[in-house]
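# Descriptive analysis of the structure
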Amino acid sequence: MDLESIVKALNLKVRSGEDKLKAEIRGGYTGDLLSDVMANSKEGDVWITRQVHQNIVAVASLKEHAGIILVHGNEPAKDTLEKAVKGGVPIMVSDLPGFEVIGRLYALMSKTG
Amino acid sequence: MLEISLHILDIVENSTRAGAKTVSIDIIEDTERDVLSLEIRDDGSGMSEDVLRRVIDPFFTTKTVRSVGLGLPMLAQAAERADGRFIIESKGGEGTRVAADFKLSHIDRQPLGDISATLVTLVAGNKDIDIIYRHEHNGQTYIFDTREIKKELEDIPINHVTVLNFIRSHITEGLKEIGAEA
Ligand SMILES: Nc1ncnc2c1ncn2[C@@H]1O[C@H](COP(=O)(O)OP(=O)(O)OP(=O)(O)O)[C@@H](O)[C@H]1O
Ligand SMILES: [Mg+2]
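In what follows, the accompanying structure is described. (Residues numbered from 1 in each chain as written. Chains lettered and ligands numbered in written order. Predicted model: local features only at pLDDT ≥ 70, side-chain atom pairs only at ≥ 80, totals over all residues. Heavy atoms only, no water.)

### Here we look at the overall build of chain A
- Across its full length, chain A carries five helices and five strands.
- When the helices and strands of chain A are read in sequence order from the N terminus, they spell out α-β-β-α-β-α-β-α-β-α.
- Whereas a compact globule of 113 residues would reach a radius of gyration of roughly 13 Å, chain A reaches 12 Å, a difference of no more than 12%.
- Along the three orthogonal principal directions, the C-alpha set of chain A runs to about 35 × 25 × 25 Å.
- The buried share of chain A, reckoned over its 113 residues, is 52%.
- Taking all contacts inside chain A whose residues are at least 6 apart in sequence as the whole, residues at least 24 apart take part in 45%.
- Accessible surface computed for chain A: about 5500 Å², of which carbon and sulfur atoms make up 54%.
- Taking the average place of the 14 positive charges on the side chains of chain A and the average place of its 15 negative ones, the gap between the two points comes to 1 Å. (Helix = DSSP H or I, 4+ residues; strand = E, 2+ residues; numbered from the N terminus. Rg over C-alpha atoms; globule rule 2.2 N^0.38 Å. Buried < 20%, exposed > 50% of the residue type's maximum accessible area, 1.4 Å probe, protein only. Contact = heavy atoms within 4.5 Å. Areas by Shrake-Rupley, 256 points an atom, 1.4 Å probe, with all protein chains shown as cover. Lys, Arg positive; Asp, Glu negative; His and termini not counted. Charge placed at Lys NZ, Arg CZ, Asp CG, Glu CD.)

Structure, rendered in structure tokens:
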């Protein structure tokens, strides 16, 4: 499954990395604690968080995540967005609370593999 | 980072990488002012003004193995998240001072964590660096200073396991005595 299908299925708003949406997603990880995400997430994961600080872009690029989904209508901070555009890291935004985003994503990804 | 002590490990690693001979770590817990403050000073190589301006940028590092440097940005973010402030000052050839304040009672402030384990790790891994730890709790102060210990030890290396065990209990006891609680 690629990011583009997720964007469509969950009606996400894409804020950066539009040219990277064909990337294959290998899994998902959820967390707001950067050190935890650094230690436990994997390459190719889509990362679901409500942190909007620019440090998330550095973590996502270090871990080679497929992209970041911000939940509950949280928009990336200005410098976060700048870094994400520059580094080609997809940031997507959902109005839904984290619990629902993760639930839908999980169902979608277990169905299609 | 789950605990402030993990930030301490991270920031002191910067100091040792910068060739510091002496590293001072100060913690102040002030219940009345509702502040927890952390300050780390070193006498390492310091930074140019240009580097200093960029250290809070997570995409800045002088490490060659990777393209991001998160030690300082993560501490800065942790302080901001707990209604605090982050300050870094440095002079090429002189050293660096990193200070982070946290609102003590802020719900998102991380706990201080295991200070004795943290200091033991630092001493064990950096036997030639002097580490001075000062912890103040509402006016009562505990000080741990490897220079004092080295004076007593004479020929035994400070990273000898018996010494490290002594250090661990010295710190644990000392912090208990001043009622450290953060
Ligand atoms: N105490 C210091 N003395 C001299 N230079 C420092 C000091 N602390 C940081 N720096 C400089 O600032 C840069 C950024 O530091 P920071 O801790 O944020 O990231 P890093 O050490 O490069 O990587 P990481 O901490 O993620 O392993 C360092 O690469 C170094 O060049
Ligand atoms: Mg560092």
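### Topic: the sheet that holds strand β5 (residues 130–137) of chain B
All names here are of chain B.
- The strand order across the open sheet formed by six strands is β3-β4-β2-β1-β5-β6, and the pairing between neighbours is mixed. The open sheet is flanked by β3 (86–91) and β6 (140–145), the only strands paired with a single partner. Between one strand axis and the next, the sheet turns through 10° on average, direction left out of account.
- Summarising the sheet, β3 and strand β4 (residues 95–103) pair through six bridges and their orientation is antiparallel. Looking across to β4, one finds that Glu89 is bridged to Arg97.
- In the packing of helix α1 (residues 4–17) onto the sheet, the strands contacted are β1 (22–30), β2 (35–42) and β4, and the crossing angle to β2 comes to about 20°.
- The strands touched by helix α5 (residues 146–153) within the sheet are β5 and β6, with β6 carrying the most contacts at an inclination of about 50°. (Pairing = 2+ DSSP bridges. Axes fitted to C-alpha atoms, helices over the stretch in contact; angles between N-to-C directions.)

### Focus: the layout of surface pockets
All names here are of chain B.
- Reported here for the largest pocket is a volume of approximately 610 Å³.
- Lining the largest pocket are 30 residues; nearest its centre among them are Asn14, Arg17, Val55, Thr62 and Leu72.
- Looking at the lining of the largest pocket, the elements with two or more residues in it are α1, α3 (71–81) and β4.
- If one sorts the elements of the lining of the largest pocket by residue count, α1 sits on top with six residues.
- Here the lining of the largest pocket is built from residues that sort into 15 nonpolar, nine polar and six charged. (1 Å grid on protein atoms, 1.4 Å probe; cavity = no way out; pocket = protein on both sides within 12 Å on 5 of 7 lines; lining within 4 Å. Points joined across faces, edges and corners; volume = space filled by probe spheres on them. Nonpolar A, V, L, I, M, F, W, Y, C, P; charged D, E, K, R; others polar.)

### Quick word on α1 of chain B
All names here are of chain B.
- With 14 residues, α1 ought to run about 20 Å at 1.5 Å a step, and its terminal C-alpha atoms sit 20 Å apart, in line with that.
- Listed in full, the buried residues belonging to α1 are Ile4, Ser5, His7, Ile8, Ile11, Val12 and Ser15. End-on, the buried residues of α1 take up no more than an arc of 145°, which puts them together on one face.
- Those residues of α1 hidden inside the fold are in contact with β1, β2, α3, β4 and α4 (115–125).
- Of the residues one or two after α1, Gly19 is the one with positive phi, at around 75°. (Expected span 1.5 Å × (residues − 1). Arc of directions from axis to C-beta.)

### Points about the site of ligand 1
All names here are of chain B.
- Among the 19 residues in the neighbourhood of ligand 1, the closest are listed as Arg17, Thr61, Thr62, Lys63 and Leu70.
- A distance of 2.8 Å separates an oxygen atom of ligand 1 from a polar atom in the backbone of Leu70.
- One of the backbone nitrogen or oxygen atoms of Gly71 is found 3.2 Å away from an oxygen atom of ligand 1.
- Relative to its unbound accessible area of 600 Å², ligand 1 is 93% covered by the protein chains.
- Mapping ligand 1 onto the cavity grids shows that it belongs to the largest pocket.
- Listing elements by their share of the shell around ligand 1, those giving two or more residues are α1 and α3.
- Looking at side-chain class alone, the shell around ligand 1 contains seven nonpolar, eight polar and four charged residues. (Near = heavy atom within 4 Å. Polar contact = N/O pair within 3.5 Å; in protein donor to acceptor, adjacent residues only side chain to side chain. Sits in = over half its atoms within 2 Å of the grid points.)

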